[in-house]
Amino acid sequence: MTAITEKQNVAPRFHRGGRLAGLFAKGGLLLAILLVTLYGSLSSPVFFTTGNFINILTSMAIVGIVVVGMTFVLVTGGLADLSVPATIACGAILSLALQPEIGAIPAFLVAVALAGACGLINGLLIGYIGVNPIIATLGLGTIILGIVQAAVGGVIVYGADPAIAAFVKSRILGVPLVVLVFLAVAAAGHFVLSSTVWGRWTLATGGNYRAARASTVPVRAVKAGAFVITGLASGLSGGLLGLTLQSARPLVGTGYEFSAITAVVVGGISIMGGFGSVPRAIAGLVLVQLLTNVMVLQGVPTPIQGFVLGLLIAFAVALDVALRRRAVA
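Here is what the cut-offs are and how they apply
Residues numbered from 1 in each chain as written. Predicted model: local features only at pLDDT ≥ 70, side-chain atom pairs only at ≥ 80, totals over all residues. Heavy atoms only, no water. Axes fitted to C-alpha atoms, helices over the stretch in contact; angles between N-to-C directions. Helix = DSSP H or I, 4+ residues; strand = E, 2+ residues; numbered from the N terminus. Parallel < 35°, antiparallel > 145°, perpendicular 65-115°, else oblique. Left-handed = near helix turned anticlockwise from the far one by under 90°. Contact = heavy atoms within 4.5 Å. Nonpolar A, V, L, I, M, F, W, Y, C, P; charged D, E, K, R; others polar. Disulfide = S-S within 2.5 Å. Buried < 20%, exposed > 50% of the residue type's maximum accessible area, 1.4 Å probe, protein only. Phe/Tyr/Trp six-rings, centres within 6.5 Å; stacked < 30°, edge-to-face > 60°. Polar contact = N/O pair within 3.5 Å; in protein donor to acceptor, adjacent residues only side chain to side chain. Core = buried A, V, L, I, M, F, W, Y, C linked by side-chain atoms within 4.5 Å. pLDDT = per-residue confidence, 0-100.

Description of the packing of helix α3 (residues 84-97) against helix α5 (residues 104-129)
Packed helix pairs are specified by the crossing angle of their axes together with the interaxial distance, meaning the distance between the axes.
Piece 1. Running from N to C, α3 and α5 point in directions that differ by 160 degrees, and their axes come no closer than 8 Å. As the angle between them shows, α3 and α5 are arranged roughly antiparallel. Seen along the crossing, α3 lies across α5 with a hand that is right-handed. Residues T87, C90, G91, L94 and S95 of α3 pack against A107, F108, A111, L114, A115 and C118 of α5.
Piece 2. Here the residues of the contact of α3 with α5 are counted per class, giving eight nonpolar, three polar and no charged.

Here you go:
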């Protein structure tokens, strides 16, 4: 059987699974978001306050930028990028530590660029050499984090430019600047994935790697590019986090990879690649953030919060696997 024939046979089955997942992702997510919102409004008088929603939006923005990058990784079949905590730390620490030497804006740009360079190394290892994504990103992330810790001596780094801090914390028409940056990144990611040749290549690479390669899609570059996007997104997120807090430590990015993966998977993005979109991932992020906020307002212990989110991931993954098996049956 030729590669083209293989593509023709596999694609319809795959798209049937994608449509089933899409229908559930849309209806199920919207219903879940409405139910959580309703419960939150009834269970806590604080939930429907402006201050609470500003906190939710700000927290969602920092994680959401990473979610956009992680969406590309999962759609290409790259499993996950576990170097996110290290690249966030790189962005946060360097954007503050370099301020006295080169200024706030150049420091921020250098921090994001170096985080992107880390993503490029991941991409080369995974896309061109064929290293397992989990091993490559976990290993490189450990190395990067070690370098960052050595560079700052394991201590907290503080900002030295109050003006840039005030700018990052500012609001435009009542909306925090970091939220607007997140919306811009999400819009750009959605456009690339849904309306460009690169986006079609990304979906094709994750859907059927061999068939896409036989159809002259630059699959190795596409898979490598997904990790570059995640590196840049993580660096941007880390830089904004550092400038917002005006302090950063080597472990500042801990947990962000879990939050991003949770949002993407809950949003209906297939863990096996080939199907997904940025809006679905953002919808998953909204659900996770609202659920977390409600649990915090209710005083639910952190271990229990983790248990609930873990169950949510397990359900989403099990559903994805079940729908795909049904589609190829």
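Examining the state of the cysteines
Each disulfide is one covalent bond, formed between the sulfur atoms of two cysteines.
Piece 1. Within this structure, the stated rule accounts for zero disulfides.
Piece 2. Free cysteine C90: the closest other cysteine sulfur is in C118, separated by 5.1 Å.
Piece 3. Relative accessible area serves as the criterion here: at 5%, C90 is assigned to the buried category.

A short note on the packing of aromatic side chains
Piece 1. Tallied over the entire structure, the rule returns four aromatic pairs.
Piece 2. For the ring pair F47 and F53, a centre distance of 5.6 Å and an interplane angle of 65 degrees mean the geometry is edge-to-face.
Piece 3. On the accessibility criterion, F47 (0% relative accessible area) is buried.
Piece 4. Through a chain of ring-to-ring contacts, three or more aromatic side chains come together here, namely F47, F48 and F53.

Remarks on the side chain of T196
Piece 1. If you trace the backbone, T196 turns up in the loop between α8 (177-195) and α9 (197-207).
Piece 2. Looking at T196, its side chain comes within polar contact range of the main-chain oxygen of V192, at 2.4 Å.

Describing the nonpolar core
Piece 1. V67, F182 and L240 are the most contacted members of the largest nonpolar core, which totals 62 residues.
Piece 2. Looking at this core, the element that brings in the most residues is helix α2 (residues 50-75), giving 13 residues.
Piece 3. Ignoring sequence-local partners within four residues, the contact set of F182 consists of M60, A61, G64, I65, I282 and L285.
Piece 4. Core analysis: the next-biggest nonpolar cluster, separate from the first, contains 13 residues, I33, F47, L287 and M295 among them.

Comments concerning the environment of L145
Piece 1. Take L145: it is sitting in helix α6 (residues 133-152).
Piece 2. Residues L145 and A86 lie 59 residues apart in sequence; the distance between their C-alpha atoms is 5.0 Å.
Piece 3. Every residue in contact with L145, bar those within four places of it in the chain, is listed here: A86, A89, P250 and L251.

Brief notes about unusual backbone geometry
Piece 1. Positive phi outside glycine occurs at L79, with the angle close to 65 degrees.
Piece 2. Turning to its location among the elements, L79 is positioned in the loop between α2 and α3.
Piece 3. Taking the relative accessible area as the measure of exposure, L79 reaches 39% and is therefore partly exposed.
Piece 4. Backbone geometry places T216, a non-glycine residue, at a positive phi of 70 degrees.
Piece 5. The residue T216 is located in the loop between α10 (209-214) and α11 (219-245) in this model.

Some details on helix α12 (residues 256-266)
Piece 1. The buried fraction of α12 is high, at nine of 11 residues.
Piece 2. G268 sits one or two residues past α12 and shows a positive phi near 95 degrees.

Section: the confidence of the model for the protein
Piece 1. Per-residue confidence for the protein averages 86 on the pLDDT scale, and 89% of its residues sit at or above 70.
Piece 2. At the level of individual helices and strands, the protein shows its lowest average pLDDT in helix α1 (residues 3-43), which scores 63, and its highest in α8, which scores 95.
Piece 3. Every residue in residues 1-14 scores below 50 in pLDDT, and together they form 17 contacts with partners more than four places removed in sequence or on other chains.

Regarding the packing of α2 against α8
Piece 1. At a minimum axis separation of 8 Å, α2 and α8 run at an interaxial angle of 20 degrees. The orientation of α2 relative to α8 falls into the category roughly parallel. Of the two elements, α2 crosses α8, and the hand of that crossing is left-handed. Along its contact with α2, which presents L57, T58, M60, A61, G64, I65, V68, T71, F72 and V75, the element α8 presents V178, V179, V181, F182, V185, A186, G189, V192 and L193.
Piece 2. Class assignment of the residues belonging to the contact of α2 with α8 gives a composition of 15 nonpolar, four polar and no charged.

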